[in-house]
Amino acid sequence: MRISLFFGFILPFCFLEAGVERFLQPLSLVPIDSSKIQVRTSGYRSQGSQIASGAEVFSKSGSVALNRQLLEKRLSEMLKHRYQVDGEVMVFLAQQWDPLEVGSNFQIKIRDSNPDELSVNAFLRFSIWDEGQKLGDFSTPLRMAHMQEVLFAKVPLSRGVAPVSQNFERRKVDVLKSHANSVPVTAKLSGYQIDSNLKPGSPLKWNLLSKINLVRRGDVINVYASGNGIYVTMKGVALEDGVEGATIRIKNLSSEKEFSAKVLDEASVKVYL
């Protein structure tokens, strides 16, 4: 009786222990491939580290890394607007710049530039603002380039020849260096003549040009007088030679009176009443 009770108590546990294995999944001990693990990192890195080559590097929502490329781009735009020049202004920082994390609507305010004009080398002082807060004052030496389309001779040009567009080609050059004082393609050259022989491939510069006399002494020309609601035309004779824009003496053919007038073109002058 006691033996039967003992086996009756033990046997259920034996069957339970044998049946648990079918509820368990086998445990995998295969090593994990670490190359498949993805780690997300911020686009902005701390000062002293390298930044991606793009001008704007987003680090977190609503912020950018103000790195060297982005700062040079903004300063180029601001200096072009400051000096109101045509063409493209390019700015290069002449010393190290540590990236600065700023909001996407950050502002740069230029305090002063020495010299206060576009030049090959300059020293710039500026401040950086973000959401109305000044992040700091900065100063740095700069190297600058001013890229502009200018005129280059296509054919030999002799002294005294009028500069006409078909004799020139356009080239984009840095007018702050060896091509300083070059004539831009937008320049109005009527009333000018070439003052020195020019070889093909040579840039046309302002010091190689001189104004020609549009009006010569003794020419009979049209005189326009205007001002205070009055507009009068008459005939006059030039008493001296004059280039475009020059003020010369004129004698009225009817009244014989003399007065000064500004040369407009080859056949007319203007008097401001």
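Remember, predicted model here, so these are calculated numbers, not experimental data. (Residues numbered from 1 in each chain as written. Predicted model: local features only at pLDDT ≥ 70, side-chain atom pairs only at ≥ 80, totals over all residues. Heavy atoms only, no water.)

J.: Describe the overall build of the protein chain, naming the residues involved and giving the relevant values.
T.: For the protein chain, the helix and strand inventory stands at 2 helices and 17 strands. For the protein chain, the accessible area works out to roughly 18100 Å², and carbon and sulfur atoms hold 52% of it. (Helix = DSSP H or I, 4+ residues; strand = E, 2+ residues; numbered from the N terminus. Areas by Shrake-Rupley, 256 points an atom, 1.4 Å probe, with all protein chains shown as cover.)

J.: If you had to explain the sheet that holds strand β15 (residues 247–252) to someone new, which residues and values would you point to?
T.: Strand order in this closed barrel of 5 strands is β12-β13-β15-β16-β17, and the pairing throughout is mixed. The mean inter-strand angle of the sheet, taken between neighbouring strand axes irrespective of direction, is 50°. Of the strand pairs in this sheet, β15 and strand β16 (residues 258–265) are connected by 5 bridges, and their pairing is antiparallel. Note that in β16 the partner of Arg249 across the bridge is Ser260. (Pairing = 2+ DSSP bridges. Axes fitted to C-alpha atoms, helices over the stretch in contact; angles between N-to-C directions.)

J.: With reference to specific residues and values, describe the pairing of strand β17 (residues 268–272).
T.: Pairing of strand β12 (residues 220–227) with β17 involves 5 bridges; the strand directions are parallel. Bridged to Asn222 within β17 is Ser268. Where β16 meets β17, 3 bridges bridge the pair, whose relative direction is antiparallel. Bridge pairing in β17 links Val263 to Val269. Linkage of β16 to β17, two consecutive antiparallel strands, is achieved through a turn of 2 residues.

J.: Before we move on, can you summarise the side chain of Ser113 with the specific residues and values?
T.: Here Ser113 is to be found in strand β5 (residues 107–114). Looking at Ser113, the relative accessible area reads 9%, which means it is buried. Here the side chain of Ser113 touches Pro115 through a polar contact of 3.2 Å, landing on its backbone oxygen. (Buried < 20%, exposed > 50% of the residue type's maximum accessible area, 1.4 Å probe, protein only. Polar contact = N/O pair within 3.5 Å; in protein donor to acceptor, adjacent residues only side chain to side chain.)

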